[in-house]
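Structure at a glance
So the chains spell out like this:
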Amino acid sequence: MTTVRQVGIVGVGLMGHGIASSLLRAGHQVSFLEHPGNQPVADLLAAGATALSSGREVAQKNEVVILCVTGSPQVEAVLFEPNGVLEGLKPGCVVVDCSTALPSSTEKVSAKVTDAGGRFMDAAMTRTPKEAAEGRLNLIVGAPKELFDETLPLLQGFAENIAHAGDVGAGHTLKLLHNFVSLGFSAVLAEATAASRKAGISDTALLEVLGAGGGGGVVLERLRPYIADNDPSGFKFSVANASKDLGYYHTMTNELGVERGVAGAVHALYASIDDTALAVPEVIGVLERRKR
């Protein structure tokens, strides 16, 4: 039987809301930080969650604090700004960073949390808000093995596939590698689809050939609804977030001193999209309308 944990969540957006609802279904006591960027929370409150007005209160009330914010600047802000999480951190409290962040920042954040008496793990997410609401996220975790084993039952309350990537920072490193591959494949498919349509190839034929050959896979299936029916819901990930993650990847590979020529081209493609609120599949339409 899973031990009931007191869990605080900072960042109840599309993904964080799903995490909160899944943890409530699993029987945990959940509270969250009130914020204008949250999704509607009436359902969470009705299910027993508590709204709190500061990061400090979230930390004081809970034994685990989950961060589900945009990136490294937001992680550092909610932890270290006045009245932030670090001010209320109880000894032994576990901070779980589910954001997509720079590994070099993650290591610094971990050190500060440890100095304050807490414990830290990065648990980067993949999949979509749909799986978050179903408790079926994928997590890529960077943490000491002992902390990973201790926290695993809680993580299983909102995640289906949980990989222990290594020590702190490994989760965020692998997430950036994963997103580069996923967004890179999406960019290739977007260009190929635009070219296919310009050449007069039917979308049905394109999807059939790619699906049965080297183009088949998860990314094609995410883009398939848009290619077939102009429906971007298969990949609800904005161009803004794509550009942010690829920028993090660029910084990480620069710090590692490794080749990133392909990554540069992929990043440039997303950066060239003016409407950053578009979902990734909608890049196909943008490229189709461009003239050379």
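Just so it is clear, the structure is predicted and the values come from calculations on it, not from any experiment. (Residues numbered from 1 in each chain as written. Predicted model: local features only at pLDDT ≥ 70, side-chain atom pairs only at ≥ 80, totals over all residues. Heavy atoms only, no water.)

With that out of the way, let us pick up the nonpolar core. One finds Leu183, Leu223, Tyr270 and Val283 to be the most contacted residues of the largest nonpolar core, which totals 34 residues. Of all elements in the fold, only helix H9 (170-198), helix H10 (203-212), helix H11 (218-229), helix H12 (239-256), helix H13 (261-271) and helix H14 (283-289) reach the threshold of two or more residues within this core. Tallying contributions element by element places H9 first for this core, with seven residues. Aside from chain neighbours lying at most four places away, what touches Val283 is Ala190, Val239, Tyr270 and Ile273. Ile9, Phe32, Leu154 and Leu155 belong to the second-largest nonpolar core, a separate cluster that totals 33 residues. (Core = buried A, V, L, I, M, F, W, Y, C linked by side-chain atoms within 4.5 Å. Buried < 20%, exposed > 50% of the residue type's maximum accessible area, 1.4 Å probe, protein only. Helix = DSSP H or I, 4+ residues; strand = E, 2+ residues; numbered from the N terminus. Contact = heavy atoms within 4.5 Å.)

Before going further, it helps to examine H11. Here H11 is twelve residues long and its end C-alpha atoms lie 18 Å apart, about the 16 Å a rise of 1.5 Å per residue gives. Within the span of H11, buried status applies to Val219, Leu220, Arg222, Leu223, Tyr226 and Ile227. Each buried residue of H11 lies within a common arc of 160° when the element is viewed along its axis, so the set occupies one face. Exposed residues pointing more than 90 degrees away from the buried face of H11 are listed as Val218 and Asp229. Next to the buried residues of H11 lie H9, H10 and H14. Looking one or two places after H11, you find Asn230, whose phi comes out positive at around 60°. (Expected span 1.5 Å × (residues − 1). Arc of directions from axis to C-beta.)

Attention shifts here to the packing of aromatic side chains. A complete count under the given rule lists two aromatic pairs for this structure. With centroids separated by 4.5 Å and ring planes inclined at 20°, the aromatic side chains of Phe180 and Tyr249 adopt a geometry described as stacked. Taken as a pair, Phe180 in helix H9 and Tyr249 in helix H12 lie far apart in primary sequence, 69 residues in all. Residue Phe180 shares its accessibility class with Tyr249, and that shared class is buried. Measuring from ring centre to ring centre gives 6.0 Å for Phe235 and Phe237, while their planes differ by 20°; the resulting arrangement is stacked. According to the relative accessible area criterion, Phe235 is buried, its value standing at 7%. (Phe/Tyr/Trp six-rings, centres within 6.5 Å; stacked < 30°, edge-to-face > 60°.)

As recorded in UniProt, the sites labelled "domain: 6-phosphogluconate dehydrogenase NADP-binding" (unreviewed entry) are residues 6-166. Helix makes up 42% of residues 6-166 and strand 27%. Its end C-alpha atoms lie 26 Å apart. (UniProt positions renumbered as here; feature names shortened; annotations may be inferred.)

Side chains Val64 and Ile66 of strand S4 (residues 64-67) all project onto a buried face; the interleaved residues Val65 and Leu67 project onto the opposite face, where all are buried too. Relative to S4, strand S1 (residues 6-10) is paired through four bridges, and the arrangement is parallel. From the neighbouring strand, Val10 faces S4, where its bridge partner is Leu67. The pairing of S4 with strand S5 (residues 94-97) spans four bridges and is parallel. Within S5, the residue paired with Leu67 across the bridge is Asp97. (Pairing = 2+ DSSP bridges.)

Another point: unusual backbone geometry. Even without being glycine, Asn83 reaches a positive phi, approximately 70°. Topologically, Asn83 is positioned in the loop between helix H4 (72-80) and helix H5 (85-88). Look at Asn83 and you get partly exposed, because its relative accessible area is 38%. The phi torsion at Asn230 lies on the positive side, around 60°, for a residue other than glycine. Locating Asn230 in the fold gives a position in the loop between H11 and H12. The exposed category is assigned to Asn230, whose relative accessible area is 55%.

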